[in-house]
Amino acid sequence: MSAARRGAIPRGSPRSARRAGGVADVAAGESCTVLVLAAGRSTRMKSEKSKLLHLLRGKPILARTLVNAGEVGRVYCVVGDGADEMRAIAEEHGAQVIVQEPPLGTGHAVLCAEQSLRGRSGTLLILNGDVPLAGPEILSSLVAFHVARRCDLTVLSTRPPDPGRYGRIVRRGSDLEAIVEYLDASARVRAVGEINAGIYCARIPAVFPYLHKLTNKNEKREYYLTDLVAVLRRARRKVACMFMPAWRELLGINDRTDLDEAEAILNRGKIRALQREGVSVRSSCNTFIGDDVSIAPDTTVHPFSIIDGKTRIGRHCVIMPFTRVVDSTLGDRVTVLGSSLIVDSVIEGGSTVGPFCHLRGRTRILRDSKVGNFVEMKKTAFGPASKAMHLTYLGDATVGEAVNVGAGTITCNYDGVSKNPTHVERGVFIGSGTELVAPVRVGEGAYVAAGSTITEDVPAGSLGIARARQITKEGWAARRKGKS
C-alpha cells in the first residue's frame, strides 16, 4: 500500500492508464475524468465500518461503483484518512487515491482533488461511491448531455416514489435554481419529489475557482458540493439538470434498507437475463443467482435456491428448492434434489445428488452417478455410474466405476495428524455400516460385509469381513427382569 501525501496521489497503475479514455469519449468526443467520493462517515448504516465496505451481492459497494466508473474514464477516488480497506479497493480497481482529511463535506472532497487533476482538461464526472447501480450507459449519457449543451455544471436527477432524505431539486420553470440538502430544507422544499442523484459533470479546470467560494453555513457545518449550483448561477455560468426516470438505477445506498433494495434490483436483473436466454426460474423473488453464474438453456431452478460464485450449470438440469451451489460446475442433465449444499465441486452429466447432500473440497461426481440422502463427500472422486444413497461420509477417497456404497459407510480418513486416502476400485460392493480406516484399498470386484471395520487392504474379487463374532445368551433378558 502506497503512502500518499494528503491531497496527493500515488503513481497510477497500467490499468488506470488504459482507462484514460472510455465510453464517455465515444459518446461525447472528449476526455473524461471520473472522481468517486468515498470519504463520508456513513452514519445511517449504523455500522462500525463504512457503508461502502458492505457487500452488495458479494462485492463491496465501492468496488461496484469503481467498476462502472472505470468504463467511462480515468478514475480518481477520494477516501478518508486511515481508510486502508477503501484505499485497497480503489487501488485494486485501478483508481488513483486522494486523501481527504478532515472530512468536511462533498465540496471539500472535490477540492482535495484540485492538485491531483492539475494539467487535466475536459469533463469531470463526479459521483458518490454509494451509487453502484448507475451503470456505464447512465454515466456516459450524462457526460454526453453535459458536453452537448456546453454546461459548466450538470446535475443528474430522478423522482423515486419515496424521496426520503435525499437532497431536493429546486427549479424555476425548467431551470435548475438550487439543490437543497434534506436537513436544511423547509417543509415546502421537502415536499418536492425530484431528488439529486449524487452524480455531476463539471469542466476541468474551470470548476475549481468556484468550489473555493463554497461556505459551510448549514446544519452539518460542511462544504456541500450541491451549493455549487447557487455559486455558479450567481456568476451567470450555465447550469443544467438532466432528469432520468429510471430511479431504481440511481438508488443511493444510505442504510440497510437501501442495500436490500439494491440486492433485489440486481438479482432480478440477473434472473431476467437468464430467463431471456431460456432458463426457467420458478420464482425470481425467492431465488438468488450471482453475477458470475452461467446457466445453459432448458435448465430449471426452483424457489429458495442460492447459486453463487463462478458456478457453471449445463442444459436440462433441475435445481430443487433450498439448494445452494457455489463455485461449482454441473454438466448436462444433472438433478440436485432439495436442501443440498455443493461447494467447489464438479457433478458430471446424468448424475443425481440429494436431498440433504453436502459436496465440498474439490469433490468430483462422475457421469451417471447417484448420491443420495445425507451423504457428505470431501475431496472425493466418485463414479462413474456409482451409488451412495444414504447416510455416508467419503473423505479423501477415490471411488471407481459402478461401485455400490451401502448406507452408513464412512471413511476414517484423519488420524489426528494427516488426511489419508481411501481407494475403492471398479465394481466393489460396500455393505452398510462399514468403516474404511485409511489408508486402505478395496480391490476391483471385491465385497465388504456389512458392519465391517476395514483396516487392511481387500484384494480384488475377495470378501472382506471385519467384525466381532455375535454371542447370543438365550433367556438373559427374562432373568435380568426377574432380578429387578
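These numbers were taken from a predicted model, which means no experiment stands behind them.

**Q** An account of the overall build of the chain is needed here, citing residue identities and associated values.
**A** From N to C terminus, the chain includes 11 helices and 39 strands. The C-alpha radius of gyration computed for the chain amounts to 31 Å, which surpasses the reference 23 Å derived for 484 residues by more than 25%, pointing to a less compact arrangement than a globule. In terms of its C-alpha atoms, the chain occupies a principal-axis envelope of roughly 105 × 55 × 45 Å. Across the 484 residues of the chain, 49% fall into the buried class. About 22900 Å² of surface is accessible on the chain, with carbon and sulfur atoms providing 49% of the total. The average position of the 67 basic charges and that of the 49 acidic charges among the side chains of the chain differ by 2 Å.

**Q** Break down the packing of helix α3 (residues 61-70) against helix α4 (residues 84-92) for me, with residues and values.
**A** For the pair α3 and α4, the least separation of the axes is 10 Å and the interaxial angle reads 30°. By the angle class used here, α3 and α4 are roughly parallel. Seen along the crossing, α3 lies across α4 with a hand that is right-handed. The segment α3 lies against α4, with Leu 62, Ala 63 and Leu 66 engaging Met 86, Ile 89 and Ala 90. Tallied by class, residues from the contact of α3 with α4 come to 6 nonpolar, no polar and no charged.

**Q** With reference to specific residues and values, describe the nonpolar core.
**A** Membership of the largest hydrophobic core comes to 49 residues, with the highest contact counts inside it found for Leu 125 and Ile 199. Considering every element that reaches this core, the biggest residue donor is helix α6 (residues 136-148), with 6 residues. Residues contacting Ile 199, with those up to four places away along its chain left out, are Leu 125, Ile 126, Leu 127, Val 131, Ala 134, Leu 139, Leu 142, Thr 154, Val 155, Leu 156 and Leu 250. In terms of nonpolar packing, the next biggest core, distinct from the first, is built from 42 residues, Val 281, Val 301, Ile 313 and Val 334 among them.

**Q** Before we move on, can you summarise a nonpolar patch on the surface with the specific residues and values?
**A** Among the surface-exposed residues, Phe 429, Tyr 447, Leu 463 and Ile 465 lie close enough to one another that they form a single nonpolar patch of about 420 Å² accessible area. Structurally, Tyr 447 is set in strand β37 (residues 447-448).

**Q** Describe in detail the layout of surface pockets, supporting the description with residues and values.
**A** Counted as a void, the largest pocket has a volume near 1300 Å³. Mapped onto the lining of the largest pocket, the elements with two or more residues apiece are β1 (32-38), α5 (106-111) and β10 (195-204). The greatest single-element share of the lining of the largest pocket, amounting to 5 residues, is contributed by β10. Classifying every residue of the lining of the largest pocket by side-chain character gives 21 nonpolar, 15 polar and 12 charged. Here the second largest pocket is characterised by a volume of approximately 510 Å³. Along the wall of the second largest pocket there are 20 residues; nearest its centre are Arg 64, Asn 68, Pro 132, Leu 133 and Leu 266. Those elements that provide at least two residues to the lining of the second largest pocket are α3, α6 and α10 (256-276). It is α10 that provides the largest number of residues to the lining of the second largest pocket, a total of 6 residues. Counted by class, the lining of the second largest pocket contains 7 nonpolar, 4 polar and 9 charged residues.

**Q** Go over the confidence of the model for the chain, please, and point to the residues and values.
**A** Parts of the model with low pLDDT should not have their predicted coordinates read in detail. Overall, the predicted model of the chain reaches an average pLDDT of 90, with 94% of residues at or above 70. For the stretch residues 1-28, pLDDT sits under 50, and the model shows 69 contacts to residues farther than four places along the chain or on other chains.

**Q** I'd like a description of the side chain of Thr 323, backed by residues and values.
**A** Note on placement: Thr 323 falls in the loop between β18 (318-319) and β19 (324-326). A polar contact is formed between the side chain of Thr 323 and the backbone oxygen of Leu 337, at a distance of 3.4 Å. Discounting residues that sit within four places of it in the chain, Thr 323 has contacts with Phe 304, Ser 305, Ile 306, Val 336, Leu 337, Gly 338, Ser 339 and Ser 340.

**Q** For the pattern of salt bridges, give the residues involved together with the corresponding values.
**A** Should their charged atoms come close, side chains of opposite charge can pair. Scanning all chains against the criterion turns up 15 salt bridges. With a closest N to O distance of 3.5 Å, Arg 237 and Asp 152 form a salt bridge. With Arg 237 in the loop between α9 (228-234) and β11 (239-243) and Asp 152 in the loop between α6 and β7 (153-158), this pair connects stretches of sequence that are 85 residues apart. For Arg 237, a relative accessible area of 35% puts it in the partly exposed group. Where Glu 177 meets Arg 172, a salt bridge forms, and the shortest distance between an N and an O atom there is 2.7 Å. Taking the relative accessible area as the measure of exposure, Glu 177 reaches 24% and is therefore partly exposed. Overall, Arg 172 belongs to the exposed group, its relative accessible area being 57%. A cluster of three or more residues bridged by salt bridges with shared partners is formed by Arg 57, Arg 64 and Asp 291.

The rules behind each value
Residues numbered from 1 in each chain as written. Predicted model: local features only at pLDDT ≥ 70, side-chain atom pairs only at ≥ 80, totals over all residues. Heavy atoms only, no water. Helix = DSSP H or I, 4+ residues; strand = E, 2+ residues; numbered from the N terminus. Rg over C-alpha atoms; globule rule 2.2 N^0.38 Å. Buried < 20%, exposed > 50% of the residue type's maximum accessible area, 1.4 Å probe, protein only. Areas by Shrake-Rupley, 256 points an atom, 1.4 Å probe, with all protein chains shown as cover. Lys, Arg positive; Asp, Glu negative; His and termini not counted. Charge placed at Lys NZ, Arg CZ, Asp CG, Glu CD. Axes fitted to C-alpha atoms, helices over the stretch in contact; angles between N-to-C directions. Parallel < 35°, antiparallel > 145°, perpendicular 65-115°, else oblique. Left-handed = near helix turned anticlockwise from the far one by under 90°. Contact = heavy atoms within 4.5 Å. Nonpolar A, V, L, I, M, F, W, Y, C, P; charged D, E, K, R; others polar. Core = buried A, V, L, I, M, F, W, Y, C linked by side-chain atoms within 4.5 Å. Patch = residues over 30% accessible without salt bridge, like charges linked within 9 Å, V, L, I, M, F, W, Y side chains within 5 Å. Salt bridge = Lys/Arg side-chain N within 4 Å of Asp/Glu carboxyl O. 1 Å grid on protein atoms, 1.4 Å probe; cavity = no way out; pocket = protein on both sides within 12 Å on 5 of 7 lines; lining within 4 Å. Points joined across faces, edges and corners; volume = space filled by probe spheres on them. pLDDT = per-residue confidence, 0-100. Polar contact = N/O pair within 3.5 Å; in protein donor to acceptor, adjacent residues only side chain to side chain.

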